[in-house]
Structures are given as structure tokens and as C-alpha cells.
Amino acid sequence: MSDTPGETPLGPDGLPRCPWALSAPDYLAYHDEEWGRPVHGDDALFERLSLEAFQSGLSWITILRRRPGFRAAFADFRIAKVAEFTDTDRERLLADAGIIRNRAKIDATLANARVLAGWEPGELDALIWSHAPEPAGRPAPRTLADVPAVTPESTALSKTLKKRGLRFVGPTTAYALMQACGLVNDHLRECAARTTP
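Given the structure is predicted, the values throughout are model-derived calculations rather than measurements.

Next up on the list: the overall build of the protein chain. Helix and strand counts for the protein chain stand at nine helices and zero strands. Counting from the amino terminus, the protein chain carries its helices and strands in the arrangement α-α-α-α-α-α-α-α-α. When the backbone C-alpha atoms are referred to their principal axes, the protein chain occupies close to 55 × 35 × 25 Å. At a minimum sequence separation of 6, the contacts of the protein chain that also span at least 24 residues come to 67%.

Along the chain, H31 falls in helix 1 (residues 25–33). Taking the relative accessible area as the measure of exposure, H31 reaches 0% and is therefore buried. Among the polar contacts listed, one links the side chain of H31 to the side chain of D32, at a separation of 2.7 Å. Among residues more than four places away in sequence, those in contact with H31 are R17, C18, W20, A21, H187, C191 and A193.

To continue, consider helix 3 (residues 60–73). Here helix 3 contains 14 residues, and its C-alpha end-to-end distance of 18 Å stays within 8% of the 20 Å for a straight helix at 1.5 Å per residue. Maximum bend of helix 3: about 55°, positioned at R67, with proline P68 one to four residues after it. Those residues of helix 3 not exposed but buried are W60, I61, I63, L64, R67, F70 and A73. Where helix 3 ends, the next residue or the one after it, A75, has phi of about 50°, a positive value.

Compared with the 20 Å implied by 1.5 Å per residue over 14 residues, the 20 Å span of helix 6 (residues 103–116) between its first and last C-alpha is a close match. Taken together, the buried positions of helix 6 are K105, I106, A108, T109, L110, A111, N112, A113 and L116. Looking at the buried side of helix 6, the elements it contacts are helix 2 (42–55), helix 4 (79–83), helix 5 (87–94) and helix 7 (123–129). For helix 6, the N-terminal cap is N102; the gap from its side-chain oxygen to the backbone nitrogen of A104 is 3.1 Å.

Once that is clear, we can look at the confidence of the model for the protein chain. The predicted model of the protein chain has a mean per-residue pLDDT of 91, with 95% of residues at 70 or higher. Note on residues 1–6: pLDDT is under 50 here. Beyond four places in sequence and across chains, it has ten contacts.

The geometry of a pair of packed helices is captured by two quantities: the angle between their axes and the separation between those axes. The interhelical angle for the contact between helix 2 and helix 9 (residues 171–180), taken along N-to-C directions, is 135°, at an axis separation of 9 Å. Considering the angle they form, helix 2 stands oblique to helix 9. The crossing of helix 2 and helix 9 is right-handed. On helix 9, the residues that touch L45, R48, L49, E52 and A53 of helix 2 are T173, A176, L177 and A180. Class assignment for the residues of the contact of helix 2 with helix 9 results in six nonpolar, one polar and two charged.

Our focus in this paragraph is the side chain of S158. Its place among the elements puts S158 in helix 8 (residues 152–163). For S158, a relative accessible area of 2% corresponds to the buried category. Among the polar contacts listed, one links the side chain of S158 to the backbone oxygen of V169, at a separation of 2.6 Å. Beyond its immediate stretch of four places on either side in the chain, S158 contacts V169, G170, P171 and A174.

Two elements in contact, helix 8 and helix 9, have axes separated by 8 Å at closest approach and are oriented at 110°. By the criterion of interaxial angle, the relationship of helix 8 to helix 9 is roughly perpendicular. Regarding helix 8 and helix 9, the two cross each other, and that crossing is right-handed. Counting all contacts with helix 8, which are made through E153, S154, T155, L157 and S158, the residues of helix 9 involved are P171, A174, Y175, L177 and M178. Residue classes in the contact of helix 8 with helix 9 are distributed as six nonpolar, three polar and one charged.

Criteria and thresholds
Residues numbered from 1 in each chain as written. Predicted model: local features only at pLDDT ≥ 70, side-chain atom pairs only at ≥ 80, totals over all residues. Heavy atoms only, no water. Helix = DSSP H or I, 4+ residues; strand = E, 2+ residues; numbered from the N terminus. Contact = heavy atoms within 4.5 Å. Buried < 20%, exposed > 50% of the residue type's maximum accessible area, 1.4 Å probe, protein only. Polar contact = N/O pair within 3.5 Å; in protein donor to acceptor, adjacent residues only side chain to side chain. Expected span 1.5 Å × (residues − 1). Bend = angle between axes of the 7 residues up to and from the residue. pLDDT = per-residue confidence, 0-100. Axes fitted to C-alpha atoms, helices over the stretch in contact; angles between N-to-C directions. Parallel < 35°, antiparallel > 145°, perpendicular 65-115°, else oblique. Left-handed = near helix turned anticlockwise from the far one by under 90°. Nonpolar A, V, L, I, M, F, W, Y, C, P; charged D, E, K, R; others polar.

Listed below in C-alpha cells is the structure:
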């Protein structure tokens, strides 16, 4: 266990977890099965990038609980399909109670899809993963205080995505994407999910 008492609490199965994983029931499966696991594929990464942008200023649990609604509203985040959304689709999204009805974030998601639709297949995947830091240079965090909100790599990823025309991709959002998609492993050192394949 970590030196800080209670920093890596035990889950319902008796295994240690990152504290946030036990703060709400919805988090446990996400923590154990998704967060920090490698995600590949342009559409899958577009979904994660979009959801991280929608999360900006909100708690992740809000997005996680609405993820089925987001997937339904945004055609399962298929880039080619979302890129074809019309003004009618935009108005539908602004009225959809199953998602976060933030005009700027909806507009950014639609604009990002249009930009990405012009990229080569696999280009988004390659670009994002080219910013993954060397795992050997990152010691496992012992406490939540050891987990950064921004890194040089996330700042570089943010700059690259913005330069390529994407919106709502600041350094903090880029780092949350890196955590969620397994570019970095920020499970605490004693967390059971850190070493589970």
C-alpha cells in the first residue's frame, strides 16, 4: 500500500483501487475495464476526444452516465457520418436532453468531424499515439497528488491538434484523453487495475 493511509482504498472485492473509482458505482467498471487501456482507431479516438471536450468544466461521471445518449446522438461517433450532420442535426443535438446541450461543444464536435473526415484513415490514431511518453520515464504515481493535469506531451498534442484545425483540445483535455486511452498509465502504484491485462 502507499505511504498515505487510505490513498489506495479497497474495492468491494478486496482489491486496492484508485480512490476515484470507488466514489460512485458507475466509476468502478470504467476504472477497471476502460480507463488507462489502449484505445486505437480513428472513430474510437474521436469519441474519446469529443467526450473529454464535453467533460470540460464538468465531472466525468456526468459524461459517463450520458455516454449512451451521446453515442446515439452522434451516430456512434463515426467520423464520416458526423461530418455529414446538417443544421437540422445541430438543432436536434441542441434539443437532446440525453447529452450536454452546450452549443460551443456541439459545434466543436461537428467541426472536428469535418476536419477529420479529410484526413487519411489511421491518421488521427497515429498522430495521437505519436505523443505517448516513454513509459520507462514515468514512475507509477503513489498518490493522487502525483498525477498531473498537464504534461509537456499533452501540451504538444494540444498544439498539434489545434494546428491541424481541431477545437476544444486544450492541454488538460489532451492529457485526460491520454489517460483515458492508455497513452499513460495513471493508476496508482498499488491499484489492482495497474497491472491487470
